[in-house]
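Here is how the chains run, residue by residue.
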2 protein chains.
Amino acid sequence: MTTQQKRFLLPENEIPTQWYNIVTDMKNKPLPMLHPGTKQAMKVEELYPLFAEELAKQELNTTDRFIDIPEEVREKYKFYRATPLVRAYGLEKALDTPAHIYFKNESVSPVGSHKLNSALAQAYYCKQQGVTNITTETGAGQWGTAMSYAAKAFGLELAVYMVKVSYEQKPYRRSVMQTFGSQVIASPSMSTKAGRKILTDHPTYQGSLGTAISEAIELAMQTPNCKYVLGSVLNHVTLHQTIIGLEAEKQMAMAGEYPDIIIGCFGGGSNFGGISFPFLRHKLIDNKDIRIIAAEPASCPKLTRGVFEYDFGDEAGYTPLLPMFTLGHDFAPAHIHAGGLRYHGAGSIVSQLKRDGLMEAVDIQQLDSFKAGILFAQTEGIVPAPESCHAIAATMIEAEKAKLEGKQKTILFNLSGHGLIDMAAYDAYLADDLSNYELSDEVIRRNVDKLENNLPTT
Amino acid sequence: MTTQQKRFLLPENEIPTQWYNIVTDMKNKPLPMLHPGTKQAMKVEELYPLFAEELAKQELNTTDRFIDIPEEVREKYKFYRATPLVRAYGLEKALDTPAHIYFKNESVSPVGSHKLNSALAQAYYCKQQGVTNITTETGAGQWGTAMSYAAKAFGLELAVYMVKVSYEQKPYRRSVMQTFGSQVIASPSMSTKAGRKILTDHPTYQGSLGTAISEAIELAMQTPNCKYVLGSVLNHVTLHQTIIGLEAEKQMAMAGEYPDIIIGCFGGGSNFGGISFPFLRHKLIDNKDIRIIAAEPASCPKLTRGVFEYDFGDEAGYTPLLPMFTLGHDFAPAHIHAGGLRYHGAGSIVSQLKRDGLMEAVDIQQLDSFKAGILFAQTEGIVPAPESCHAIAATMIEAEKAKLEGKQKTILFNLSGHGLIDMAAYDAYLADDLSNYELSDEVIRRNVDKLENNLPTT
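Each value, and the rule that gives it
Residues numbered from 1 in each chain as written. Chains lettered and ligands numbered in written order. Predicted model: local features only at pLDDT ≥ 70, side-chain atom pairs only at ≥ 80, totals over all residues. Heavy atoms only, no water. Helix = DSSP H or I, 4+ residues; strand = E, 2+ residues; numbered from the N terminus. Buried < 20%, exposed > 50% of the residue type's maximum accessible area, 1.4 Å probe, protein only. Least-squares fit on C-alpha atoms with pLDDT ≥ 70 in both. Contact = heavy atoms within 4.5 Å. 1 Å grid on protein atoms, 1.4 Å probe; cavity = no way out; pocket = protein on both sides within 12 Å on 5 of 7 lines; lining within 4 Å. Points joined across faces, edges and corners; volume = space filled by probe spheres on them. Nonpolar A, V, L, I, M, F, W, Y, C, P; charged D, E, K, R; others polar. Salt bridge = Lys/Arg side-chain N within 4 Å of Asp/Glu carboxyl O. Pairing = 2+ DSSP bridges. Buried area = accessible area lost by both parts, 1.4 Å probe. Polar contact = N/O pair within 3.5 Å; in protein donor to acceptor, adjacent residues only side chain to side chain. Axes fitted to C-alpha atoms, helices over the stretch in contact; angles between N-to-C directions. pLDDT = per-residue confidence, 0-100. Parallel < 35°, antiparallel > 145°, perpendicular 65-115°, else oblique. Left-handed = near helix turned anticlockwise from the far one by under 90°. Arc of directions from axis to C-beta. Expected span 1.5 Å × (residues − 1). Phe/Tyr/Trp six-rings, centres within 6.5 Å; stacked < 30°, edge-to-face > 60°. Lys NZ or Arg CZ within 6 Å of the ring centre and 35° of its normal.

Asks: Break down unusual backbone geometry for me, with residues and values.
Replies: For the bond running from Arg81 of chain A to Ala82 of chain A, omega is -5°, close enough to zero to count as cis. Within the secondary structure, Ala82 of chain A is located in the loop between helix H3 (71-77) and strand S4 (85-87). The omega torsion of the bond from Ser187 of chain B to Pro188 of chain B falls at 5°, within 30 degrees of zero and hence cis. A positive phi angle is found at Asp432 of chain A, which is not glycine, with a value near 65°. Although it is not a glycine, Asn287 of chain B adopts a positive phi angle of roughly 60°. Note on placement: Asn287 of chain B falls in the loop between helix H12 (270-286) and strand S11 (291-297). With a relative accessible area of 66%, Asn287 of chain B lands in the exposed category.

Asks: I'd like a rundown of the relation of the copies chain A and chain B, residues and numbers included.
Replies: Between the two copies, chain A and chain B, the superposition gives an RMSD of 0.0 Å; the rotation angle is 180° and the shift along the axis is 0.0 Å. A rotation of that kind, with that shift, is consistent with a two-fold axis. Measuring from the rotation axis to each C-alpha of chain A, the shortest distance belongs to Ile421 of chain A, at 3.0 Å. Of the interface residues in chain A, 100% have counterparts in chain B that sit at the interface too, so the contact is made through matching surfaces.

Asks: Any chance you could break down the side chain of Thr135 of chain A for me, citing the residues and the numbers?
Replies: Position of Thr135 of chain A among the secondary structure elements: in strand S6 (residues 133-138). When neighbours within four sequence positions are excluded, Thr135 of chain A is seen to be in contact with Leu158, Ala159, Ala216, Ile217, Leu219, Ala220, Cys226, Lys227, Tyr228 and Val229 of chain A.

Asks: Report on the layout of surface pockets, specifying residues and quantitative values.
Replies: Approximately 960 Å³ is the volume found for the largest pocket. In terms of lining, the largest pocket is formed by 44 residues, of which the most central are Arg7, Pro84 and Val108 of chain A together with Arg7 and Pro84 of chain B. Tallied by class, the residues present in the lining of the largest pocket amount to 26 nonpolar, 12 polar and six charged.

Asks: Summarise the environment of Pro36 of chain B; cite the residues concerned and give the values.
Replies: Residue and element names in this part refer to chain B. Mapped onto the elements of the fold, Pro36 is located in the loop between strand S2 (18-20) and helix H1 (44-47). Residue Pro36 is classed as partly exposed on the basis of its relative accessible area of 28%. Separated by 286 residues in sequence, Pro36 and Leu322 place their C-alpha atoms 9.5 Å apart. Those residues in contact with Pro36, other than ones at most four positions away along the chain, are Phe312, Thr319, Pro320 and Leu321.

Asks: Got a sec to walk through the pattern of salt bridges? Specific residues and values, please.
Replies: The tally for this structure, following the rule as stated, stands at 50 salt bridges over all chains. Note that Glu398 of chain B and Lys401 of chain B form a salt bridge whose closest N and O atoms lie 3.0 Å from each other. One end of the pair is Glu398 of chain B and the other is Lys401 of chain B, both in helix H16 (residues 386-405) and three residues apart, which spans about a single turn. Taken together, the salt bridges that share partners define one network made up of Arg81, Lys104, Glu106 and Glu247 of chain A.

Asks: If you had to explain the sheet that holds strand S14 (residues 360-364) of chain B to someone new, which residues and values would you point to?
Replies: All names here are of chain B. The strand order across the open sheet formed by seven strands is S1-S4-S5-S15-S10-S11-S14, and the pairing between neighbours is mixed. Strand pairing shows two members of the sheet lacking a second neighbour, strand S1 (7-8) and S14, which therefore form its edges. By the bridge criterion, three bridges tie strand S10 (residues 261-265) to strand S15 (residues 410-415) in an arrangement that is parallel. In the sheet register, Ile261 faces S15, and the bridge partner there is Ile411.

Asks: Which residues make up the interface of chain A and chain B, and what values go with them?
Replies: Facing the 46 residues of chain A at the interface are 47 residues of chain B. At the boundary of chain A with chain B, total buried surface from both sides reaches about 3900 Å², with 63% on carbon and sulfur atoms. Of all residues in chain A, the largest losses of buried area upon contact with chain B belong to Phe79, Tyr172 and Thr179 of chain A, amounting jointly to 20% of the total for that side. Inspection of the region where chain A meets chain B yields zero salt bridges. Between chain A and chain B we count 12 residue pairs in polar contact (both at pLDDT 80 or more) in total. Those elements that place two or more of their residues in the side of chain A that touches chain B are H3, helix H6 (142-154), helix H8 (171-179), helix H15 (366-380) and helix H17 (423-430) of chain A. Of all the elements, H8 of chain A adds the most residues to the side of chain A that touches chain B, at seven residues.

Asks: An account of the sheet that holds strand S8 (residues 183-187) of chain A is requested, with residue identities and associated values reported.
Replies: Residue and element names in this part refer to chain A. One open sheet accounts for four strands, arranged S8-S7-S6-S9; its pairing is parallel. On the outer flanks of this sheet lie S8 and strand S9 (226-228), each paired with one strand and no other. Averaged over all adjacent pairs, the angle separating strand axes in this sheet is 25°, with direction ignored. Pairing of S6 with strand S7 (residues 157-163) involves six bridges; the strand directions are parallel. Note on S7: the bridge partner recorded for Thr138 is Met162. On the sheet, H6 packs against S6 and S7 and is oriented at approximately 160° with respect to S6.

Asks: Quick one: what's the story with the confidence of the model for chain A, residue by residue and with numbers?
Replies: As a general rule, the predicted coordinates of low-pLDDT regions are not to be interpreted in detail. A residue-level look at chain A finds 98% of positions with pLDDT of 70 or above and a mean pLDDT of 94. As scored by the predictor, the complex reaches a pTM of 0.92 and an ipTM of 0.88.

Asks: Run through the packing of helix H11 (residues 235-254) of chain A against helix H12 (residues 270-286) of chain A, naming residues and quoting values.
Replies: All names here are of chain A. Their axes nearest at 6 Å, the elements H11 and H12 cross at an angle of 55°. Relative to H12, the element H11 is oriented oblique. H11 and H12 meet at a crossing whose hand is right-handed. Touching Val237, Thr238, Gln241, Thr242, Ile244, Gly245, Leu246, Ala248, Glu249 and Met252 of H11 are Ser270, Gly273, Gly274, Ile275, Phe277, Pro278, Phe279, Arg281 and His282, all from H12. A per-class count over the contact of H11 with H12 returns nine nonpolar, eight polar and two charged.

Asks: Explain helix H9 (residues 193-201) of chain B to me, using residue names and the numbers behind them.
Replies: Since the α-helix packs 3.6 residues into each turn, any two residues three or four apart lie on the same face. Residues and elements named next belong to chain B. The set of residues buried in H9 consists of Ala194, Gly195, Ile198 and Leu199. Looking down the long axis of H9, one finds its buried residues gathered within 125° of arc, a one-sided arrangement. For H9, exposure combined with an orientation more than 90 degrees from the buried face picks out Lys193, Lys197 and Thr200. On its buried face, H9 sits against helix H7 (164-169) and helix H10 (209-222).

Asks: Break down helix H16 (residues 386-405) of chain A for me, with residues and values.
Replies: With 20 residues, H16 of chain A ought to run about 28 Å at 1.5 Å a step, and its terminal C-alpha atoms sit 29 Å apart, in line with that. Directly after H16 of chain A, the chain includes Gly406 of chain A, whose backbone phi takes a positive value near 65°.

Asks: Please set out the packing of aromatic side chains residue by residue, giving values where relevant.
Replies: Under the definition given, this model contains 31 aromatic pairs over all chains. Taking the centre distance of 5.6 Å and the plane angle of 25° together, the rings of Phe103 of chain A and Phe413 of chain A count as stacked. Residue Phe103 of chain A is found in strand S5 (residues 100-105), and its partner Phe413 of chain A is found in strand S15 (residues 410-415); the two are separated by 310 residues along the sequence. Both residues of the pair, Phe103 of chain A and Phe413 of chain A, count as buried. Between Tyr258 of chain B and Phe279 of chain B, the aromatic rings sit 5.7 Å apart at their centres with planes inclined by 75°, giving edge-to-face as the arrangement. Within this pair, whereas Tyr258 of chain B is found in the loop between helix H11 (235-254) and S10, its partner Phe279 of chain B is found in helix H12, the two being separated by 21 residues in sequence. With relative accessibility at 26%, the residue Tyr258 of chain B sits in the partly exposed group. Of note, Arg281 of chain A hangs over the ring of Tyr20 of chain A, and the distance from its end group to the ring centre comes to 5.4 Å. The ring of Phe325 of chain A is capped by Lys354 of chain A, whose NZ or CZ atom sits 5.4 Å from the centre of that ring.

Next comes the structure, spelled out in structure tokens:
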């Protein structure tokens, strides 16, 4: 029985007052997002119809290294932040590894995930501008839940397009959003042109994040005083999530250690960037020797097996063109239970970092992710979200390497959320009903070959 | 937008080091539990076959006002304690009440409820004594989840009898327990005499907490090196839960207030006693003017409509006879969604306090409980457990009274847990599929008339 300190808690007055904008420290800046018609770099005012102005400005901000967190957002952060940094003694012991494993526990937020960090900020900026209605999409439901909470907190009406397969398989997620007062629509739906088209072409289509984004954008554009909000991929979303890493930096200092390796699961990049960018800045500025690893699902491997191209962020092609590692915007990933990782592309910052060798990526099979999740639950007492299980599996690989090398490495990963509303996935795993998914090179090639833009990316 | 302090956080070194034993301060002690054969007061060693020795001693302890929390238990408490005390500004505003409303947020534990406070203690004492296997029952699943976590944390094998209707309606709860490594059996089952009997007599019986307790006790008695653990009702369970109120006492002082009214939902009494007993001691000792209110479901109203008699704690009659307000040990409460409140009796301490007019009780209808829960979710951002909704509904009644009287009262209630694994209940409520339950005096009388013991209770 240990009496070592396990949790590192940051006092309320130590909660960061600014977010960190990594773009300012990157030698090679991310390529600009392009207007799909003119193929010219988007101007900030061209983003205003879709996004709140402050968010659009943050999206294109390449000059301010730190951006103030509005007082009203900080007040709401304080309801669940700072989140604990935890030394995973139980997991270390079970793995019999010399590695020191830490995790940042974002599951303690009232909606159970890190998503609230950006949801509150986005709701605030919309409200501040006088917006009354917002639309968004959700895959697994974590983002939709967080946005529902934030919309209610700032008095906004929210419509959420939820990927149909999740809508049907995860009724609890839907109920939480409805309990917070949001309108939830299964996507594809008949309420938008994009939805109607895909339903007509493929009547039994179970939906994708790309389609749900198209529907949410379309509804926002047709609704008075309405903006669209997104839960990942974009720069301003990751910006808000840097509070995770900024807190973790202080907490690692409390623990008297500095991470050699930082790991986050990877869907669009917001929790990954959130935990890693504040540490990465010491690599960019001081050449600090750290490894940053994105853990993506083997069934949706844009970073490990995708191509770097300009592509749309959504299935219907409503968004600007984004420079991303992508599997193609109409790639239909297998229905793995980590719904939050089923997205075809990586955000432009992460994509540039990957090109520059400043980070790595690893792909994790579904069965390995749940095996890791169960070990974590039994040793650390928290049932992780299926998405977070990917980060845990990658952590276990690195802990095993440390053991083989006989080196005491310090690993930090982000526990992006808990899995208490995703237990159907664990049920299926425990009943031996889950499988891995093999994705052939042929399928990937067929998808990315369809990318027609062929815009210069060098 | 408020900038007032909302959360009151206790530093780790302020977490109480002792539990509070209210029996020592009661003028009229609770009547003793009786051996069902001899009808004599149970001796502590007569409890040893069923319970770990330290727990049996705590159960009958009438002399030690404070009992040390073992260091190993405190270490595990620190993973989620101290829990926040929260000023419910949002709820106050929605109710337009002059009352100041505070809640203790026990939902932040990794299993989502207060139940872990006693589960960890019970697992520890079992382990310390060399016990290898434990059995228990669970109704809604909160206790079973907590005990599964605690059993794994202390390296014990656990079998959980789960009331069949919950087993089928709440598969997620079952999955969480299985994820933590427990064996979960639907009750009534064919694995015990008590289960077989009731299945033979009533093949379609959906189970009750009373039956599940009988099964768990029977299995414990037949298994080598095995003890039984219980999640509520008994004195030692409530003792462990007093950490809630002891923390809240310090946190209310941080807020610069003292509660006029303290409210907890009521099943067997553990969360209710946990929040209220430490405050009640100032009423017992210093005659402090506070009101303590138990919020029970209208469908299982032992405190408001039951009788005070000696009765069994389980359906089959395996337990000692307990002096309790009861609806009869084979009372079958309606299948409301607050499964944790579906228990026929109140613990002996609470029953004595009720007899002595030191506390009150109120019954809450199911629809009112969910209406309160939704308002709370939308104003405070936490989806409450269906059980906790009863405490919120009672709080709203008192806040309304304060408004009518034009008095600024301070109300403290315990948010015993979150409802994220109970969303089927909210689903049903939002779909207008729930109803209230009327319980006739006739039914209650028929049940309590069956109590054969007729032992003196004065």
